[in-house]
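# Examination of the molecular architecture
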Amino acid sequence: MVDVNGQFGGFTGLAEPKFTAHFTPCVEIGWRLRKEFWGKGIAFAAAQQAMAYAFTELKLAELVSFTTAINLRSRRLMDRLGFSHDPNDDFDHPDIAAGHPLRRHVLYRVFA
Ligand SMILES: CC(C)(COP(=O)(O)OP(=O)(O)OC[C@H]1O[C@@H](n2cnc3c(N)ncnc32)[C@H](O)[C@@H]1OP(=O)(O)O)[C@@H](O)C(=O)NCCC(=O)NCCS
């Protein structure tokens, strides 16, 4: 995504996680914006479009989203988008070393 001046602001999109976990294979939705683009609803609007594409065009039954447990900003976005969180789905990310503070992840799901 870019702003009116053509400045790159970040991305929102769909991906298939490459690691194996109890919820894979699956399609995830993710986002990463430059900080000056936060707090304007941009990620929310972009994610809504990606979700519509996933459910209407790709006809997926489910999308997941995950983040490190302490990433409250990303979790708030998942809540706003209508994702639900079951603590039983939480997991240790296999690509992050044991003992690392960011290893514990929360999984959110939304259904078509
Ligand atoms: C996660 C991330 C994308 C969230 O960005 P964000 O701007 O907070 O998310 P939203 O687009 O939903 O915007 C919500 C904020 O915009 C405000 N807002 C302003 N206009 C709005 C509108 N028209 N609609 C919705 N929200 C609006 C909301 O009030 C809210 O503000 P607040 O944070 O002060 O409560 C961003 O923090 C980020 O890129 N983080 C770094 C990367 C990262 O952590 N990615 C996830 C890794 S798994």
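Now for a look at the structure at hand. (Residues numbered from 1 in each chain as written. Predicted model: local features only at pLDDT ≥ 70, side-chain atom pairs only at ≥ 80, totals over all residues. Heavy atoms only, no water.)

### Notes on the site of the ligand
Of all residues adjacent to the ligand, which total 18 residues, the nearest are L33, G39, N71, R73 and R80. One of the backbone nitrogen or oxygen atoms of G41 is found 3.1 Å away from an oxygen atom of the ligand. In this structure, an oxygen atom belonging to the ligand sits 2.7 Å away from a side-chain N or O atom of R80. With the chains in place, 68% of the 950 Å² that the ligand exposes on its own is no longer accessible. Given that more than half its atoms are within 2 Å of the pocket grid, the ligand belongs to the largest pocket. Put simply, the parts of the chain that give the shell around the ligand at least two residues each are β2 (28-33), α1 (42-57), β3 (62-68) and α2 (72-80). Here the element with the most residues in the shell around the ligand is α2; it accounts for five residues. When its residues are assigned to classes, the shell around the ligand shows eight nonpolar, five polar and five charged. (Near = heavy atom within 4 Å. Polar contact = N/O pair within 3.5 Å; in protein donor to acceptor, adjacent residues only side chain to side chain. Areas by Shrake-Rupley, 256 points an atom, 1.4 Å probe, with all protein chains shown as cover. 1 Å grid on protein atoms, 1.4 Å probe; cavity = no way out; pocket = protein on both sides within 12 Å on 5 of 7 lines; lining within 4 Å. Sits in = over half its atoms within 2 Å of the grid points. Helix = DSSP H or I, 4+ residues; strand = E, 2+ residues; numbered from the N terminus. Nonpolar A, V, L, I, M, F, W, Y, C, P; charged D, E, K, R; others polar.)

### Overview of the packing of aromatic side chains
Under the definition given, this model contains six aromatic pairs. On the numbers, 5.6 Å between centres and 70 degrees between planes, the contact of F19 with F66 is edge-to-face. Of the two residues, F19 is situated in the loop between β1 (10-15) and β2 and F66 in strand β3; the sequence distance between them amounts to 47 residues. Assigned by exposure class, F19 and F66 land together as buried. What links up through ring pairs into an aromatic cluster is the set F19, F23, F66 and F91. (Phe/Tyr/Trp six-rings, centres within 6.5 Å; stacked < 30°, edge-to-face > 60°. Buried < 20%, exposed > 50% of the residue type's maximum accessible area, 1.4 Å probe, protein only.)

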